[in-house]
Amino acid sequence: MNKYLTQLVELCEHDKELDSFKPKIEAAQARLNSKVNQIDKAKNEIDVLNGEIEELSEQISLTNAQIAELNAKSKSSAKKSASLKTEKEIKALSVEVDITKEQLSAANEQIDRLEKHVETKKALIADLEAQKSAFETELEEIKAEVSTQMGEVEESRSKIYSVREKLIKSMDPKTVSFYEKIRKWASNTAVVPVRKQACYGCFMRLNDRVYSAVIKSDDIVTCPYCGRILYKEAE
Ligand SMILES: [Zn+2]
């Protein structure tokens, strides 16, 4: 293989390696995001439940006010009863007292119900708080892991990068810009091997003339179908 081609193959390998870090970085970011989302979801659910508890507490205060009113009414009925003379008046008051009693017991039942709802929601909040704090601990662990991982990635990346830079400096600038042009659309398959007389970028079969030029490798040969740079791997 001629020197230019060897350099191109090497350059393409470095670029491939550099690109291979991307999914690692994305996967780490995705792990972080998913944990942050879980924490946010728990937070939102807690907020909703707290809002519902507030509403229930308002209903409880209203019902308590109603109970106070009904109790006052019972007291005044009791006072009134001493001054009543006719049977009709007594009967009317007794009906009123019964209604007030029923209303009081309904209001008290309502309070019980509302308080039970509040208790249920508070228990849910406690569960969610526990979940949230577990998620927060996990997030811290993931952050530490990711930071170590990213440190390693950064180290390998900068090593490869400096090797790549050195290589580029030693190369003919025209060859480099030719490669970069192909890389724009072919990305990591800008330089591909020929196997079984076929281009391993587009998998088209090469004619004998192109194939022998690739084998000879006096010059840089591109695939006549896709335009990628071709090389014959060492046996
Ligand atoms: Zn091709």
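Residues numbered from 1 in each chain as written. Predicted model: local features only at pLDDT ≥ 70, side-chain atom pairs only at ≥ 80, totals over all residues. Heavy atoms only, no water.

Novice: Go over the coordination of the zinc ion with me, naming the residues and quoting the values.
Specialist: Listed as protein donors to the zinc ion are Cys 199 (SG), Cys 202 (SG), Cys 223 (SG) and Cys 226 (SG); their distances from the metal cover 2.2 to 2.3 Å. Bound by 4 donor atoms, the zinc ion shows angles of 105 to 115 degrees at the metal and therefore tetrahedral coordination geometry. Read N to C, the donor residues that coordinate the zinc ion are spaced as C-x2-C-x20-C-x2-C. Separated by 24 residues along the polypeptide, Cys 199 in strand β2 (residues 198-199) and Cys 223 in the loop between β3 (221-222) and β4 (229-231) bring together distant segments of the chain. Assigned by exposure class, Cys 199 and Cys 223 land together as buried. (Donors = N, O, S within 2.8 Å, 3.2 Å for Na, K, Ca; no water. Tetrahedral: all angles 85-135°; square planar, octahedral: opposite > 155°, others 65-115°. Helix = DSSP H or I, 4+ residues; strand = E, 2+ residues; numbered from the N terminus. Buried < 20%, exposed > 50% of the residue type's maximum accessible area, 1.4 Å probe, protein only.)

Novice: Pulling in residues and values, what's your account of the nonpolar core?
Specialist: Soluble, globular proteins show a tendency: their nonpolar side chains are buried together. Counting 15 residues, the largest nonpolar core has Leu 8, Met 171, Tyr 179, Ala 190, Val 191 and Ile 229 as its most contacted members. Broken down by secondary-structure element, the contributors of at least two residues to this core are α1 (3-82), α3 (173-186) and β4. Per element, the largest residue contribution to this core is 5 residues, and it comes from α1. Leave out the neighbours within four places in its chain, and Ile 229 touches Leu 5, Leu 8, Phe 178, Tyr 179, Ile 182, Ala 190, Val 191, Val 192, Ile 220, Val 221 and Thr 222. Core analysis: the second largest hydrophobic core is formed by 14 residues, Ile 53, Ile 60, Ile 111 and Ile 125 among them. (Core = buried A, V, L, I, M, F, W, Y, C linked by side-chain atoms within 4.5 Å. Contact = heavy atoms within 4.5 Å.)

Novice: If you had to explain the packing of α1 against helix α2 (residues 87-170) to someone new, which residues and values would you point to?
Specialist: Contact geometry for α1 and α2: axes closest at 6 Å, N-to-C directions at 165 degrees. Considered as vectors, α1 and α2 are oriented roughly antiparallel to each other. Classified by chirality, the crossing of α2 by α1 is left-handed. (Axes fitted to C-alpha atoms, helices over the stretch in contact; angles between N-to-C directions. Parallel < 35°, antiparallel > 145°, perpendicular 65-115°, else oblique. Left-handed = near helix turned anticlockwise from the far one by under 90°.)

Novice: Give a detailed account of the domain arrangement of the protein, specifying residues and quantitative values.
Specialist: Considered domain by domain, the protein is made up of domain 1 (17-171) and domain 2 (172-235). Averaged C-alpha coordinates put domain 1 and domain 2 at centres separated by 62 Å. Looking only at domain 1, the three residues that lose the most surface to domain 2 are Asp 19, Arg 164 and Met 171, adding up to 87% of its buried area. The interface formed by domain 1 and domain 2 includes 2 salt bridges. With its nearest N and O atoms 3.2 Å apart, the salt bridge here joins Arg 183 to Asp 19. The interface formed by domain 1 and domain 2 contains 3 residue pairs in polar contact (both at pLDDT 80 or more). If you tally residues by element for the side of domain 1 that touches domain 2, the top one is α2, at 3 residues. (Domains from an automatic or database assignment. Buried area = accessible area lost by both parts, 1.4 Å probe. Salt bridge = Lys/Arg side-chain N within 4 Å of Asp/Glu carboxyl O. Polar contact = N/O pair within 3.5 Å; in protein donor to acceptor, adjacent residues only side chain to side chain.)

Novice: Report on α3, specifying residues and quantitative values.
Specialist: Count 3.6 residues to each turn of an α-helix, and residues three or four apart come out pointing the same way. A rise of 1.5 Å per residue sets the reference length of α3, with its 14 residues, at 20 Å; its end C-alpha atoms lie 19 Å apart and thus fit the reference within 8%. The complete set of buried residues in α3 reads Thr 175, Val 176, Tyr 179, Ile 182, Arg 183 and Ala 186. When α3 is viewed along its axis, its buried side chains cluster within an angular range of 130 degrees and face the same direction. Seen from the buried face of α3, the exposed residues on the opposite side, beyond 90 degrees, are Pro 173, Lys 174, Lys 181 and Lys 184. On the buried face of α3, the contacting elements are α1, α2, β1 (191-195) and β4. Of the residues one or two after α3, Ser 187 is the one with positive phi, at around 50 degrees. (Expected span 1.5 Å × (residues − 1). Arc of directions from axis to C-beta.)

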